[in-house]
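Topology and contacts: notes
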Amino acid sequence: MLDTKHIKSNFPILKTKSNGYSLVYLDNASTTQKPKAVIESISNFYRKDNANVHRGVYSLSEQATAKYEEAKEKVVRFIGAKDAKEIIFTKNATEGLNLLAFSLGKTFLKKGDVVLVSGGEHHSNLVPWQLASQIFGFTVEAVKMTVEGRWDLGDFQNKIKTLPVKIVSVAHASNSSGVIHPVEKIVPWIREKKALLILDGAQSVPHMPVSVARLGCDFLVFSGHKMLGPTGIGVVWGKKDLLLQMEPYQGGGGMIREVHLTESTWADVPERFEAGTPPIAEAVALGVAVDYLSAIGMGAVFEHEKQLTEYALGEIQKISGVEIYGPMDMISRGGIISFGIRGVHPHDIATICDTFGIAIRAGHHCSQSMMGVWKTEATARVSFYIYNTEKDVDELIKAIGKVKRVFQIKN
Amino acid sequence: MDLYHQNIIDHYKTPSNYGEMKGYSLVRAEYNPTCGDRLVLYMKLDENRVVDVSFTGSGCAISMAAASMLTEVIKGKTIEEVLDISKEGILEMLCTSINAGRLKCALLAWTGVREMLKP
């Protein structure tokens, strides 16, 4: 396990109280807490380095630009790619997926083409495709999910083979079941079909070693705030030869080569996809978050969460009346557990946990299709990160006991 | 007061006026997308009076208990009297403190009833 005592001391918010109890933060799939280094980097940027990027000829602007570009260098190395020109900074993973849906839709898709997603996607990898399909005329199809929350690989292969699939856009790891999907299985089918693969890495990049070179995807999208970074910064990585062919997503300053009153030409990549002043301080802070995670090592991060998840799964399964949605075992899964208590709505579970200072998520986790597979409206969800401990799990287990007492659940 | 006091739990576990109604005058479905609470409200009117009311649905303890209590309160009241019940009145009826995140749950049935009866 990681040295959580030391790690916790780097996170000011973890020293605070919530409802009179020490905060136990177990909603990391939603957003993570921020270490001092990240928090301070934002204030330091505005104190020492602030100017607009790619515009000024004065030294301060060059300094800000260098910091912004340095953040891209850090991010590109972090995901196993080489060329920082392949990194587009966005607002978050959602904006990244919107960018891809609209830009790829406009550039490559026509009526009759199919974009294949899975039945377990976060709404951010579903709704952008629905919106873009209304404009560009393609169709969205979904791969069936097993009750554990895994891809039905037979259905996956069949749909790729038989449908005119041009793009496959799927989560690398699920935000509801915790499953890490077997990307290596689908890549050969996608290559044979000459389709493109987009991976939504929002729940994988923060929690495990991710290398786009090894995964063999064409695009990877993720959010900064789910990996110790600030809100307002996300990443799209894309293969340069593809990015160069693609139409812009938004228009404005910074993304053009030449502008005339009725028409314009586009800048090179990645500037073509970064209209307007980008989130500069946020980008720099994301770079600091990447440094922080790299110093720990993503292998160690994954191992830490794995051990906590294994411990929590064991403890939760000891409690009668509690049901776990998603895999019960540790095969290809990350640090997310969805569960319910028979006879208690997940929102009531979360509210009672909150009275003990324990922050957990309750709801459909922006994946109503996955809730449909599980035949429930909502689940309670805990999700771990580097500062969580077995003691946090013990507190959660105590709170679940309290929930059962409040609702007089005997079994 | 504790959010989940005994009265709330009792109404959640054994709600009053729970079930479909035959021969209703009004019916309305309410859905709370943040929680997934679902309610169907039925009402029988005699001129200006709510002579019978019932509901079906599923959701959190707060939304279900609030629906149960509200149906008890409005049965027999005139439309004007029902529309006079304020948000604050619902919170008083629940006799508990509700944070902003759960307010929608507490007010789901009330919202539905108002939509059914408002002129």
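The model shown is predicted, which means the values in this text are computed figures rather than measured ones.

1. A look at the packing of helix H12 (residues 346–355) of chain A against helix H14 (residues 390–406) of chain A
Residues and elements named next belong to chain A. Taken N-terminus to C-terminus, the directions of H12 and H14 make an angle of 120°; their axes are 9 Å apart at the nearest point. The orientation of H12 with respect to H14, classified from their angle, is oblique. Crossing angle aside, the handedness with which H12 passes H14 is right-handed. Facing H12, whose interface residues are Ile349, Ile352 and Cys353, H14 presents Leu396, Ala399, Lys402, Val403 and Val406. Here the contact of H12 with H14 is built from residues that sort into 7 nonpolar, no polar and 1 charged.

2. Some thoughts on helix H5 (residues 127–136) of chain A
Residue and element names in this part refer to chain A. All of the buried residues in H5 are Pro128, Trp129, Ala132 and Ser133. Buried residues of H5 fall within an arc of 130° about the axis and therefore sit on the same side. Close packing links the buried residues of H5 with helix H4 (93–108), strand S5 (114–118), strand S6 (139–143), strand S7 (165–171) and strand S8 (196–200). Two residues or fewer after H5 comes Gly137, characterised by a positive phi angle close to 85°.

3. Points about the domain arrangement of chain A
How big an interface is tends to be stated in terms of the accessible area lost upon association of its parts. Residues and elements named next belong to chain A. Domain parsing of chain A yields domain 1 (4–27 + 297–406) and domain 2 (39–294). Taking only C-alpha atoms, the centre of domain 1 and the centre of domain 2 are 28 Å apart. Across the boundary between the two partners, domain 1 contributes 35 residues, which contact 32 residues of domain 2. For the pair domain 1 and domain 2, the summed buried surface comes to about 2,500 Å²; carbon and sulfur atoms form 58% of the total. In terms of surface lost to domain 2, no three residues of domain 1 exceed Met298, Ile336 and Tyr385, which account for 23% of the buried area on that side. Viewed at the interface, domain 2 and domain 1 are joined by 1 salt bridge. Note that Asp329 and Arg150 form a salt bridge whose closest N and O atoms lie 3.8 Å from each other. Taken together, the links from domain 1 to domain 2 amount to 18 residue pairs in polar contact (both at pLDDT 80 or more).

4. Some points on empty space enclosed by the protein
Residues and elements named next belong to chain A. Within the structure shown, the criterion is met by 2 cavities of 30 Å³ or more. By volume, the largest cavity is sized at about 130 Å³. Here the lining of the largest cavity takes 3 residues from helix H11 (residues 298–317), the largest share from any one element. Class assignment of the residues belonging to the lining of the largest cavity gives a composition of 6 nonpolar, 7 polar and 3 charged. Summarising the domain contributions, the lining of the largest cavity has at least three residues from each of domain 1 (4–27 + 297–406) and domain 2 (39–294). Taken together, Lys8, Leu14, Leu23, Val24, Tyr25, Tyr387, Asn388 and Asp392 make up the lining of the second largest cavity.

5. A short note on the sheet that holds strand S1 (residues 26–32) of chain B
All names here are of chain B. Reading across from one edge, S1-S2-S3 is the order of the 3 strands in this open sheet, with antiparallel pairing throughout. Each edge of the open sheet is held by one strand with a lone partner, namely S1 and strand S3 (49–58). Mean inter-strand twist for the sheet, computed between neighbouring axes without regard to direction, equals 20°. In terms of strand pairing, strand S2 (residues 37–46) meets S3 through 9 bridges, oriented antiparallel. Its bridge partner being in S3, Leu39 is matched across the sheet by Gly57. This element, helix H2 (residues 61–74), spans S2 and S3 of the sheet and lies at about 170° to S3. Sheet strands touched by helix H5 (residues 103–117): S1, S2 and S3. Its angle to S1, the strand with the most contacts, is close to 150°.

6. Focus on the interface of chain B and chain A
Taken together, the contacts link 18 residues of chain B with 15 residues of chain A. Each partner contributes to the roughly 1,300 Å² buried at the junction of chain B and chain A, and carbon and sulfur atoms together form 47% of this total. Counting across the chain B and chain A interface gives 2 salt bridges. Scanning the region where chain B abuts chain A turns up 12 residue pairs in polar contact (both at pLDDT 80 or more). Elements that contribute at least two residues to the side of chain B that touches chain A include exactly helix H1 (6–13), S2 and H2 of chain B. Top element by residues in the side of chain B that touches chain A is H1(B). It accounts for 4 residues. Taken together, the residues of the side of chain B that touches chain A break down into 10 nonpolar, 4 polar and 4 charged.

So, how was this worked out
- Residues numbered from 1 in each chain as written.
- Chains lettered and ligands numbered in written order.
- Predicted model: local features only at pLDDT ≥ 70, side-chain atom pairs only at ≥ 80, totals over all residues.
- Heavy atoms only, no water.
- Axes fitted to C-alpha atoms, helices over the stretch in contact; angles between N-to-C directions.
- Helix = DSSP H or I, 4+ residues; strand = E, 2+ residues; numbered from the N terminus.
- Parallel < 35°, antiparallel > 145°, perpendicular 65-115°, else oblique.
- Left-handed = near helix turned anticlockwise from the far one by under 90°.
- Contact = heavy atoms within 4.5 Å.
- Nonpolar A, V, L, I, M, F, W, Y, C, P; charged D, E, K, R; others polar.
- Buried < 20%, exposed > 50% of the residue type's maximum accessible area, 1.4 Å probe, protein only.
- Arc of directions from axis to C-beta.
- Domains from an automatic or database assignment.
- Buried area = accessible area lost by both parts, 1.4 Å probe.
- Salt bridge = Lys/Arg side-chain N within 4 Å of Asp/Glu carboxyl O.
- Polar contact = N/O pair within 3.5 Å; in protein donor to acceptor, adjacent residues only side chain to side chain.
- 1 Å grid on protein atoms, 1.4 Å probe; cavity = no way out; pocket = protein on both sides within 12 Å on 5 of 7 lines; lining within 4 Å.
- Points joined across faces, edges and corners; volume = space filled by probe spheres on them.
- Pairing = 2+ DSSP bridges.

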